[in-house]
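Close look at the chain arrangement
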Amino acid sequence: MRIRQTISKVDGGKRRVDVVKTYLFSKSDLTFYIETFELLKLNNYIEAGTFQDVHWYLPCDQKLRNYRVSFDIEIYGELNTVLKGYVAIRRLAGLTPASCYNHILRLKTLIIYSEGLENVEKIESFFAKSAPEKAWEYARILRNFLEFYPHNKANQIEQICGNIPRAKHNSRDLPHFIDVLKFNEVIEEFFETEPQEVILPYYPILIWWRLTNIIPMRPVDFFELSYNCLELKGNGTYWINFKRSKNLSYSPNTISRPEAIQIDKDMYLLIMQFKNILNELSIDTQYLIPYSFLNMFNKVDHSQQRKIQSSRIGDPQFERLLQKFYKNILMPRYGHIDKITAGDTRHFAIINLFLQGFNALTIARMAGHEKLESQSSYYNHAVHYAQSYVYHLAQGIFEKNISAKFSEGLFGVRREAIDRGRIYSTEEVKSFKNIDYGYCSDISENFPSNCIEDCRSCDFYIFKPSINEYNKGIKWLEDYSQKLDLETKKTIKFMQHLSEEMLYDISTLSYQPSYQQKLSSNAANLFSLIDQRAIVEAKLLEEKANEK
């Protein structure tokens, strides 16, 4: 089994130098695996008494829990020992506690099912009965294990595993974006209108929502934000510093990732306000979101003690806070809304950066991706998100009360409410200019020099066809909406092409200015198309309401 291990760090600690070693289990090397266990134990990577213990505990600082790995298949004595050596080597190489835990669970399942990997037909049967994704995962782990352990049936098993087709991974499922926009509305309304004593327990949610929708941070990066994460530089700019949970780059061809990103003044003041709250509550903490703050507003179940003592929160604590927000605040106001998790906002932020015209290298650095190819799955969500925003924007126009945030990002600064859904009486339109299927309410002297390309997406256009032209007029609006939708999809596809074909120099973190200019121009056009189609869809919504 070939394992990459770090031997030193260079470039100010931003990159690592790795070597690849090959490990092959042998009984004669048992002392080496025991010594590796002791080294991991000394450095708190494993908690157990001795190598011979049935249960090892793998502490995970990111998840704030211990993973219990059980070596309880003594009936297959040598295999049970081999599994211990496998975990020791994989943990030494940096495999996460969660992955080690999952590997052992799957390997034990296969070992027991196949009578110690001796019954090859049963292994083949197991894969045949499993779903494609499950079969591929188990086969991949088993092949890794057999690279470490020279089992007498290894060649036959390897051939079976090699015949398992690679599972096709679809794009990650995200919440319906209409629900995401509703969630954003609830957040903004709640923290703007409710008294301090009501919003106080949920303050971490507000910081998480606003910060991680702009900066694509992993949940653990957010949880580990230092109390002193903010920086006001001499030139008046605001910055936030944070640690990356992923490993350092190990190759000159991988992308270095900044650990300080500029933020706006509002985000800076929001975090400062929360720090003042912590001070008023006499909470002394090294983390921005301390566990003790959440604990002040929740009943502590002493029967469920934390398995790892930490002064910061982790996934379980934040998810419970989100559940409480859904139950007490969101559901009573909006009913059922797709659940948003702590990790979803990272994906929203990446999609948002793409739609705003940021190139792949810039997005990769902000998101902590080592490879530009890591973004490919996000492009599939971009069209859906743009379409969802159109309909949400159209509904807001129709209801005469909208917060048009898209040009500031998916969840940016609120603009003034606009009124494009007014219903005019027959008497009122008599003074307006008669145009296709309606009227133009522009009574200024600039008409028609200030006209846009098509009346259907103009603020001044009033859709009011005669009775005998009504159906044609509706079709006329629908056709234009479909045309704008097609142009939106083409624009997003072209932006993807520009981002992928742009020449990048990773060593200097530079990119083609001409392509970036095209990318920015198309992003601006995209927002224009979204606004235009929203106006048309609002007119269609109005007519549907009138029909009722």
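Residues numbered from 1 in each chain as written. Predicted model: local features only at pLDDT ≥ 70, side-chain atom pairs only at ≥ 80, totals over all residues. Heavy atoms only, no water.

We now examine the packing of aromatic side chains. Under the defined criterion, the tally for this structure stands at 38 aromatic pairs. With centroids separated by 5.8 Å and ring planes inclined at 85°, the aromatic side chains of Tyr33 and Phe148 adopt a geometry described as edge-to-face. Taken together, the residues span a long stretch of sequence, with Tyr33 in helix H1 (residues 30-42) and Phe148 in helix H5 (residues 132-148) at a distance of 115 residues. With relative accessibility at 0%, the residue Phe148 sits in the buried group. Measuring from centroid to centroid gives 6.2 Å for Phe222 and Phe318, while their planes differ by 70°, and the two rings are edge-to-face. Taken as a pair, Phe222 in helix H10 (residues 219-223) and Phe318 in helix H13 (residues 315-334) lie far apart in primary sequence, 96 residues in all. Taken as a pair, Phe222 and Phe318 share a single burial class, namely buried. One Lys or Arg, Arg65, reaches over the ring of Tyr67 and ends 3.9 Å from the middle of that ring. (Phe/Tyr/Trp six-rings, centres within 6.5 Å; stacked < 30°, edge-to-face > 60°. Helix = DSSP H or I, 4+ residues; strand = E, 2+ residues; numbered from the N terminus. Buried < 20%, exposed > 50% of the residue type's maximum accessible area, 1.4 Å probe, protein only. Lys NZ or Arg CZ within 6 Å of the ring centre and 35° of its normal.)

Quick look at the confidence of the model for the chain now. Interpretation of the predicted coordinates at a detailed level should be avoided for regions scoring low in pLDDT. Averaged over the chain, the pLDDT score is 83; the fraction of residues at 70 or greater is 83%. Within the model, the stretch residues 301-308 combines pLDDT values under 50 with 11 contacts to residues more than four positions away or in other chains. (pLDDT = per-residue confidence, 0-100. Contact = heavy atoms within 4.5 Å.)

Across a sheet, paired strands are connected by hydrogen bonds in the backbone, their directions being either parallel or antiparallel. What the 3 strands build is an open sheet, ordered S8-S9-S10; its pairing is antiparallel. In this open sheet, the two edge strands, each paired with only one partner strand, are strand S8 (433-435) and strand S10 (461-463). Pairwise comparison of adjacent strand axes, ignoring direction, gives a mean angle of 30° for this sheet. As paired strands, S8 and strand S9 (residues 438-440) are joined by 3 bridges and run antiparallel to one another. Across the sheet, the residue bridging to Ile435 is Gly438, located in S9. (Pairing = 2+ DSSP bridges. Axes fitted to C-alpha atoms, helices over the stretch in contact; angles between N-to-C directions.)

Packed helix pairs are specified by the crossing angle of their axes together with the interaxial distance, meaning the distance between the axes. One can describe the packing of helix H7 (residues 177-193) onto H13 by two numbers: an axis separation of 11 Å at closest approach and a directional angle of 95°. One way to sum up the angle between H7 and H13 is to call them roughly perpendicular. Taken together, the residues of H13 that come into contact with H7 (itself represented by Lys182, Phe183, Glu185, Val186, Ile187, Glu189 and Phe190) are Leu322, Phe325, Tyr326, Ile329, Leu330, Arg333 and Tyr334. Across the contact of H7 with H13, the residue classes break down as 10 nonpolar, no polar and 4 charged. (Parallel < 35°, antiparallel > 145°, perpendicular 65-115°, else oblique. Nonpolar A, V, L, I, M, F, W, Y, C, P; charged D, E, K, R; others polar.)

A few words now on helix H15 (residues 360-367). With 6 of its 8 residues buried, H15 lies for the most part within the structure. Taken residue by residue, H15 has Ala360, Leu361, Ile363, Ala364, Met366 and Ala367 as its buried positions. Contacts made by the buried residues of H15 are with strand S7 (260-263), helix H14 (344-355), helix H18 (470-501), strand S11 (504-505) and strand S12 (510-511). The N-cap of H15, judged by a side-chain oxygen 3.0 Å from the amide nitrogen of Leu361 a few residues on, is Asn359. Following H15 by one or two positions, Gly368 has its phi on the positive side, about 80°. (Polar contact = N/O pair within 3.5 Å; in protein donor to acceptor, adjacent residues only side chain to side chain.)

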